[in-house]
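# Coordinate inspection notes
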Amino acid sequence: MKKIFSVVLSTVLFLNLTAGEDSTKNVILINNWLVAGPVTVKKPAFFTEKNVKGKSFKISDLLKQHDKEVKKPDEGKTFLSVNDSGIKWTAKKDFKGFSTSGKDFKKGWQAVYLFNDRFEKVTLKIKTRQCFELYIDGKKRLSNTSCIKKDKNPADKSTPVYLERGKHLIVIKSLFNPENQDNWSLEAKLSFDKKYPHNSILIDLSPKTYMDINHLMNGTRLTGISTSYDGKYILKEYKKIVPPNGKSESWFEISETGNGNIIYTSEYANIYDVKWSPVDNAVSFKAEDVDKKKIFLLNLNNLSKKTLLENAGDVNYYSWSPTGDFIIYSIDEEPKKDNDGVIHVLNPMDRWPWWRYRGQLYKCNVAYGTTERLTYGYLSNNLQDIRPDGKKILFSQSVPDFKKRPYTKQIMLELDLQTFVIDTVWSQNYGGSAQYSPDGTKLLVTGSASMFDGAGINLPEKLIPNDYDTQAYIFDLKTKKAEPVTRNFNPSVFSAKWLKKGKGIIFRVEDKTRNKLYRYDIEKKTFADLKAKVDMVSGFDIPSSTENFIVYYGSSMQYPSTGWKCTITGTGHKKIADPEKEFFADVVFGKTENWNFKNKYGKTIEGRVYYPPDYDENKKYPVIVYYYGGTSPTGRSFRGRYPKNLFAAQGYIVYVLQPSGATGFGQYFSALHVNDWGKRVADEIIKGTKDFLKAHPSANAKKVGCMGASYGGFMTMLLTTKTDIFATAIEHAGISSIASYWGQGYWGYLYSSVASAGNFPWNNKDLYCGQSPLFNADKVKVPLLLLHGTSDTNVPTGESIQMFTALKLLGKPVELVEIKGQNHHITDYKKRILWQKTILAWFDKWLKDQNEWWNYLYPEENL
């Protein structure tokens, strides 16, 4: 096994058993340590008196002196400073104990790393006369509060610990008492069951590690980036998540673009929803002020603050006028309260708890703080944009229309802010988002290829477009004609910004499995890739008055979110934010590579591979095959709910493939999703997996698992009815019956208006029954784990329950794990960690023949 650790077997000594030791155990003497100290610790003044709780001072309380959490000890690294003296970590081989010279009480630290390649129970045993505290991964596991006199035998203390696969930090703090001790020694032994090989546990002194759940869940993420109107300042938004409860803090920093000096930070200020003024070096934000939420304006020239809007508690969103003299904001109006518990449901959308709330638009004058209501009525009015001259706003309404797909109609309206005259821009079933051109005569519209009577469609006549494949149009407000911009451009559009200068548009798009930035030349009608330095661009901004650079941020396959700055033409990329550099400094990732194959029609299906960090091509590895299979590609993002780097760090080869039907590959590719419901996709996943295994001798073809979520969960259940190439499968929140999902899920009939366009349970039983895993449950061939949140409104929990019931009655190996109170995504911090461990433990059980973790999480119960 190739190891990343600098000191491995030389630091451990496997012992011959001595009297009283268990013959079924491997025993390791830990004799090499990272050592810090010792440092002198003194008794506090009046230590002989009792405190207000009547407690006496104990000698062991000195362990709290000069205390500091040990996070990533490393040789030569300063740990703490005492009396202006830096205490560094030092590697000690065959460490026998600290120096006992002098007559002072002293405290010392010793640390070591443990790597175990499987879930297992270990026992740590400490033999010493010293007071000590033992920590494993930051949690105190063992202690001795009595300093034993020199003429007494040392105490033996032990603790059992269940360790998950990965790198663990063991830290011991100990105390020397000069009043009754003349020796400072401590013996540490580790034992584990002999049924596991000796090298299943390795001890070393290096902080180098693999990605683990701590890296997945915690850290400081870059969540946004933007620039002032003149480009003088850059604003960066952050979110910090910390264990053990996943508490988070969000804040922003504003720095000078030229030198990066921070001029303002909102950390600890409970400020949110920050936006740049379009005409000044100032930012607006929401904040609490004496039990009242307000919108404030902060002037960066003198850091003075003024109130823009007094009562902002009900404000959903707000937008600045390009002229800078007013903001438009939206407030939700609550419906009549239901007091009798009986509800007359008006239409399928009325099942949504929020549907009866209606958003209305208001205007706030920045100079005087006066407000004006702009809209009223039964329908919600949603702001789209404010005209560059500030004289008109563009807003939309949405009304149900069950006569025609997609079962809603959008009315786009323009309101004159002086006369309150309203003009209808369009009324059509396929709606979209819109923004004004710099001169206010045109609109940049993004939406389905079916908009404007199918003006964006680029497909053979027999194919129905995938409405999730977003196109862009330039709409002339005078002629009411729409010019398709992206009809021959394969990527799907996320967002766009129309440049005032240069007659161009910057697009953020989904380009296959990457999110990219492109510049569109309106005159030449050409697209240029701006070559972003991250795989997945999450957002971007441009200084509105100068338009001389772009700031953007995003993550890559094996690196978290970073911020960047480049020219407007995509040159001179410079990193300007890297908040997790230190957090991931010691994390080692395995190699990745693209791996594609051709489906039975000769079309290339793209994929990629994540290898374990200690990958050895001469060994065999279990394999996880991951896919979505629906309308969205499986992007190259970092972390995520199904973290491929974490799976690889657990010793799996991870193969991710992108079957037909996803957006970002062109309209033809995405249209293959419509009315397929897994026919083509299942064949591609099966063929791709078989081809992958043939091409990779190190992949163990007998230990292959598959998994997917939502539509991918549907695909997982469907695959288990079609093939036996998988040793096991995991689905999360998947659809087992297309018909019940269509009728019961909050968005079932709306999603099906795309995925099952023109087909319904009453006119296509072959699709709704024949392609549903539930109706083929008797064909399931592999052990299946079903995961589902009990509050899932997208794919109701019953989709997993009915599949579970069917397989139980059929005597098939199946388990169901429900996550209480969680919706389609598992967002609760502690529940998500347990959910993630459940996935890993299940794969370990079936792909590694290691059932200890699963049995620890879910012991057998006789109820």
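Quick summary incoming for the structure in this document. (Residues numbered from 1 in each chain as written. Predicted model: local features only at pLDDT ≥ 70, side-chain atom pairs only at ≥ 80, totals over all residues. Heavy atoms only, no water.)

### Looking at the packing of aromatic side chains
Scanning the entire structure with this criterion turns up 58 aromatic pairs. Between the aromatic rings of phenylalanine 507 and phenylalanine 527, the centroid separation amounts to 6.0 Å while the plane-to-plane angle is 45°, which identifies the pairing as tilted. Of the two residues, phenylalanine 507 is situated in strand β36 (residues 504-511) and phenylalanine 527 in strand β38 (residues 526-529); the sequence distance between them amounts to 20 residues. According to the relative accessible area criterion, phenylalanine 527 is partly exposed, its value standing at 23%. Residues tyrosine 626 and tyrosine 642 carry aromatic rings whose centres are separated by 5.6 Å and whose planes lie at 25° to one another, so their mutual orientation is stacked. With tyrosine 626 in strand β47 (residues 621-626) and tyrosine 642 in the loop between β47 and α3 (644-649), this pair connects stretches of sequence that are 16 residues apart. (Phe/Tyr/Trp six-rings, centres within 6.5 Å; stacked < 30°, edge-to-face > 60°. Helix = DSSP H or I, 4+ residues; strand = E, 2+ residues; numbered from the N terminus. Buried < 20%, exposed > 50% of the residue type's maximum accessible area, 1.4 Å probe, protein only.)

### A word on the sheet that holds strand β22 (residues 304-309)
In spatial order, the strands read β19-β20-β21-β22; together these four strands make up an open sheet with antiparallel pairing. At either margin of the open sheet sits one strand with a lone partner, and together these are β19 (271-276) and β22. With strand direction ignored, the average angle separating the axes of adjacent strands in the sheet is 30°. In this sheet, β22 lies alongside strand β21 (residues 293-299) in antiparallel orientation, the contact comprising five bridges. Note that in β22 the partner of isoleucine 295 across the bridge is leucine 309. (Pairing = 2+ DSSP bridges. Axes fitted to C-alpha atoms, helices over the stretch in contact; angles between N-to-C directions.)

### Thoughts on helix α6 (residues 711-720)
A turn of α-helix holds 3.6 residues, and therefore any two residues three or four places apart point the same way. Of all 10 residues in α6, 10 are buried; the element is thus mostly enclosed. Every buried residue of α6 is accounted for by Tyr711, Gly712, Gly713, Phe714, Met715, Thr716, Met717, Leu718, Leu719 and Thr720.

### What about the nonpolar core?
Membership of the largest hydrophobic core comes to 53 residues, with the highest contact counts inside it found for Val625, Ile653, Trp677, Phe692 and Met715. When neighbours within four sequence positions are excluded, phenylalanine 692 is seen to be in contact with Trp595, Val609, Val623, Ile653, Tyr655 and Ala699. Core analysis: the second largest hydrophobic core is formed by 44 residues, Leu134, Leu169, Trp184 and Ala188 among them. (Core = buried A, V, L, I, M, F, W, Y, C linked by side-chain atoms within 4.5 Å. Contact = heavy atoms within 4.5 Å.)

### Comments concerning a nonpolar patch on the surface
A grouping of Trp354, Tyr357 and Trp747 is seen on the molecular surface, where their side chains present a nonpolar patch of about 290 Å² in accessible area. Structurally, tryptophan 747 can be placed in the loop between α7 (738-744) and α8 (748-755). (Patch = residues over 30% accessible without salt bridge, like charges linked within 9 Å, V, L, I, M, F, W, Y side chains within 5 Å. Areas by Shrake-Rupley, 256 points an atom, 1.4 Å probe, with all protein chains shown as cover. Salt bridge = Lys/Arg side-chain N within 4 Å of Asp/Glu carboxyl O.)

### Overview of the state of the cysteines
With the rule as written, the count across this model stands at one disulfide. Paired through a disulfide, cysteine 131 and cysteine 147 show a sulfur-sulfur distance of 2.4 Å. The disulfide joining cysteine 131 to cysteine 147 has a torsion of about -130° about its S-S bond and is therefore left-handed. Residue cysteine 131 is located in strand β9 (residues 131-136), and its partner cysteine 147 is located in the loop between β10 (139-144) and β11 (155-163); the two are separated by 16 residues in the primary sequence. A relative accessible area of 0% places cysteine 131 in the buried class. (Disulfide = S-S within 2.5 Å.)

### Digging into the sheet that holds strand β32 (residues 442-447)
The antiparallel open sheet is built from four strands, whose spatial order is β31-β32-β33-β34. Looking along the sheet, the strands with just one partner apiece sit at the ends: β31 (432-436) and β34 (482-484). Direction aside, the axes of adjacent strands within the sheet are offset by 25° on average. Both β31 and β32 contribute to a ladder of five bridges, which runs antiparallel.

### Examining unusual backbone geometry
Geometrically, the link from glycine 37 to proline 38 is a cis peptide bond, its omega value of 10° lying close to zero. Mapping proline 38 onto the fold places it in strand β3 (residues 33-41). Along the chain, arginine 405 connects to proline 406 via a cis peptide bond; the corresponding omega equals 0°. Summarising the element assignment, proline 406 is placed in the loop between β28 (392-400) and β29 (408-416). The backbone phi angle of lysine 480 is positive, close to 65°, even though this residue is not glycine.

### A closer look at the side chain of arginine 358
Along the polypeptide, arginine 358 turns up in strand β25 (residues 358-365). For the buried arginine 358, no salt bridge is present, and the opposite-charge side chain at shortest range is aspartate 350, 6.9 Å distant. At 2.5 Å, the side chain of arginine 358 and the backbone oxygen of tyrosine 378 are in polar contact. Residues within four places of arginine 358 in sequence aside, it is in contact with Ile331, Asp332, Glu333, Tyr378, Leu379 and Ser380. (Lys, Arg positive; Asp, Glu negative; His and termini not counted. Polar contact = N/O pair within 3.5 Å; in protein donor to acceptor, adjacent residues only side chain to side chain.)

Distances and angles like these do not, on their own, reveal function.
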